[in-house]
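Remarks on the overall topology
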Amino acid sequence: MNRKVGLFFGTFNPIHIGHLIIANHMVEFSDLEEIWLVVTPHNPLKIKSTLLDNHHRLEMVYRACEPFEKLKPSNIEFGLEQPNYTVKTLLHLQEKFPTNNFCLIMGEDNLKSFHKWKNYEVILQNHNIYVYPRISGEKVQNQFKDHPKITRVAAPRMEISATFIRQAISEGKNIEPLLSNPVWEYIKHMNFYK
């Protein structure tokens, strides 16, 4: 039987407790057996001074996931041609791990713009999507309302943003409760976001 693996994509700049709460909730309260937190690489064509190098963000995800047996860090996109699209990553993963059944995890806000994704029909045809709630006013496209491949999971609504965390650190605020201890220690040690 194929293992159901949820893919949770993000820049994770930095990974925070909101990410961990959602990932853990998805693996504990759905039929997903494992969650891979896929670190999105820095696009070399874009200048983004606030985005840490790939290996630093992966290291933080690794440290954050360590206590959770069912959460795994993934750098699968690091080796793919940039700019990359989710549909390509899914194809690559399916070829590399043919016994896994890969599913996408996304916030409701992403589902609202999912019809704009490259080859979204192909993604829906071949993969299930697990959606967690977000606070936002936009409407979900009718075609995704009761789609058989889309499962809504009543996860806690997390409105913590990495942008807020970076800003707060640069202002010298103590935001330690918003990060897992190993991530906080790493950020402090490396003097990131100052």
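Residues numbered from 1 in each chain as written. Predicted model: local features only at pLDDT ≥ 70, side-chain atom pairs only at ≥ 80, totals over all residues. Heavy atoms only, no water.

Looking at an unreviewed UniProt entry, the protein carries the name Probable nicotinate-nucleotide adenylyltransferase, with the source organism given as Autumnicola edwardsiae. Per its UniProt entry, the protein bears the Sequence similarities (unreviewed entry) comment "Belongs to the NadD family." In its Catalytic activity (unreviewed entry) section, the UniProt entry covering the protein states "nicotinate beta-D-ribonucleotide + ATP + H(+) = deamido-NAD(+) + diphosphate". (UniProt positions renumbered as here; feature names shortened; annotations may be inferred.)

1. A short note on helix H2 (residues 54-65)
With twelve residues, H2 should reach 16 Å at 1.5 Å per residue; the first-to-last C-alpha distance of 16 Å fits that figure. Residues of H2 that are buried: His56, Arg57, Leu58, Met60, Val61, Ala64 and Cys65. Contacts made by the buried residues of H2 are with helix H1 (17-28), strand S2 (34-39), strand S3 (71-74) and helix H8 (181-190). (Helix = DSSP H or I, 4+ residues; strand = E, 2+ residues; numbered from the N terminus. Expected span 1.5 Å × (residues − 1). Buried < 20%, exposed > 50% of the residue type's maximum accessible area, 1.4 Å probe, protein only. Contact = heavy atoms within 4.5 Å.)

2. Looking at the packing of aromatic side chains
In total, this model carries eleven aromatic pairs according to the counting rule given. Ring centres of phenylalanine 97 and phenylalanine 102 lie 6.3 Å apart, and the angle between their planes is 70 degrees; this geometry places the pair in the edge-to-face category. The class for phenylalanine 102 is buried, based on a relative accessible area of 0%. Every member of this aromatic cluster is reached through a ring pair, and the members are Phe114, Trp117, Tyr120 and Phe144. (Phe/Tyr/Trp six-rings, centres within 6.5 Å; stacked < 30°, edge-to-face > 60°.)

3. Structural notes on H1
Counted at 1.5 Å a residue, the expected span for H1 with its twelve residues is 16 Å, and the 16 Å between its end C-alpha atoms agrees. When H1 is considered as a whole, its buried residues turn out to be Gly18, His19, Leu20, Ile22, Ala23, His25, Met26 and Val27. Each element contacted by the buried residues of H1 is listed here: strand S1 (3-10), S2, H2, S3, strand S4 (100-107) and strand S5 (129-132).

4. Some words on the nonpolar core
Ranked by size, the top nonpolar core spans 37 residues in total, and within it Ile15, Met26, Ile35 and Leu37 carry the most contacts. Breaking this core down by element, the ones donating at least two residues are H1, S2, H2, S4, S5, helix H7 (162-170) and H8. Sequence-distant contacts of isoleucine 35, that is, excluding residues within four places in its chain, are made with Gly6, Phe8, Ala23, Met26, Val27, Lys70, Leu71, Lys72 and Ile105. Counting residues in hydrophobic clusters, the runner-up holds 20 residues, among them Leu90, Phe102, Leu111 and Phe114. (Core = buried A, V, L, I, M, F, W, Y, C linked by side-chain atoms within 4.5 Å.)

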